[in-house]
Amino acid sequence: MTTASPPVPANHSNASICRGCWDQMRVPIPIRGPLALPFRAFGITRSKMNPDICTICERSFQYVKKQRQISASATILFADIRGFTDLSERIEAVKLSEIVSLFHDRCAQAIWAHDGIVNKQMGDGLMAIFNFPIVRKDHATAAIMAAVDIQRSCTAALNSLNPDIGGLPGRALGVGIGIHTGDVQIGEFSSFRSDFTAIGGVVNLAARLESQAAAGEILVSAETATQDPDLTAGAEVRPLMLKGIEQQVQARVLVKS
Ligand SMILES: [Zn+2]
């Protein structure tokens, strides 16, 4: 793996205490600096989901929330590399892994810069949650801004990686993103994994939106768009019939500029 991690964005907070534990429990858990050392000895470190939260809020949901699951308002973002399946049959494994790791690095930086967490990584795709465990009242806005950042940094990086890949006619390599806002169930839903995730109709719809997004597109649900009319003003409205969803969805299409 030769891809270097991109520099930490200027607006990244680098909090000295875990923002998740603070927002959820008002408990200060040191995650940076000398005060973090004794915690590290007990295996409490920064989470891979977001370096501003710790492994307590990542893996001990029931301890943090005092229940197995909660219902919470959140914005869910799905992103994946469009054209990847097609590509994976045509280029070597080393190049493929370079593309995937570049995608995940750039996405994570953009999501963290807006206080989201990278909850799941699935091959050439990922799922992010905004508003848990770091609380952001403007979580819809945060997710849209993260998506815009993802499109900006991934497009440039993917194109620079290998001009031969992006340049094939009809086989543009780019990122597709879907975003939806609403009440989700958050908790531990697996008996053999201890990290939390979000489930429910809102999560499914976000995933379906992503599956319909072309390379370079951000598909935003009406519910998310309502939360930030300014960011989505003038966007194309695309009616979509999505698998498993009865009513037509009026998606807003944000295209990378
Ligand atoms: Zn924490």
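Located above this text is the structure these notes cover.
Quick look at the structure, then. The structure displayed is predicted, hence computed values, not measured ones. (Residues numbered from 1 in each chain as written. Predicted model: local features only at pLDDT ≥ 70, side-chain atom pairs only at ≥ 80, totals over all residues. Heavy atoms only, no water.)

## Some points on the packing of aromatic side chains
Taken as a whole, this structure holds 3 aromatic pairs when the rule is applied. Centroid distance Phe-61 to Phe-132: 5.8 Å. Interplanar angle 50°. Geometry classified as tilted. Linking Phe-61 in helix H4 (residues 61-65) with Phe-132 in the loop between strand S3 (125-130) and helix H7 (139-161), this pair joins segments that are 71 residues apart in sequence. Residue classification places Phe-132 among the buried residues on the basis of a relative accessible area of 4%. Taking the centre distance of 5.2 Å and the plane angle of 85° together, the rings of Phe-132 and Phe-196 count as edge-to-face. Taken together, the positions of Phe-132 in the loop between S3 and H7 and Phe-196 in the loop between strand S4 (174-187) and strand S5 (197-199) put the pair 64 residues apart, joining distant regions of the chain. One aromatic cluster in this structure is built from Phe-61, Phe-132 and Phe-196. The ring of Tyr-63 has Lys-66 sitting right over it, with the charged end atom 4.5 Å from the ring centre. (Phe/Tyr/Trp six-rings, centres within 6.5 Å; stacked < 30°, edge-to-face > 60°. Helix = DSSP H or I, 4+ residues; strand = E, 2+ residues; numbered from the N terminus. Buried < 20%, exposed > 50% of the residue type's maximum accessible area, 1.4 Å probe, protein only. Lys NZ or Arg CZ within 6 Å of the ring centre and 35° of its normal.)

## Topic: the coordination of the zinc ion
In this structure, Cys-18 (SG), Cys-21 (SG), Cys-54 (SG) and Cys-57 (SG) serve as the protein donors to the zinc ion, at separations of 2.2 to 2.4 Å. Around the zinc ion, the 4 donor atoms sit at angles spanning 94 to 119°, and that spread fits a shape best called tetrahedral. Counting gaps between the donor residues of the zinc ion yields the pattern C-x2-C-x32-C-x2-C. Taken together, the residues Cys-21 in helix H1 (residues 19-25) and Cys-57 in helix H3 (residues 55-59) connect sequence positions 36 residues apart. For the pair Cys-21 and Cys-57, one class covers both residues: buried. (Donors = N, O, S within 2.8 Å, 3.2 Å for Na, K, Ca; no water. Tetrahedral: all angles 85-135°; square planar, octahedral: opposite > 155°, others 65-115°.)

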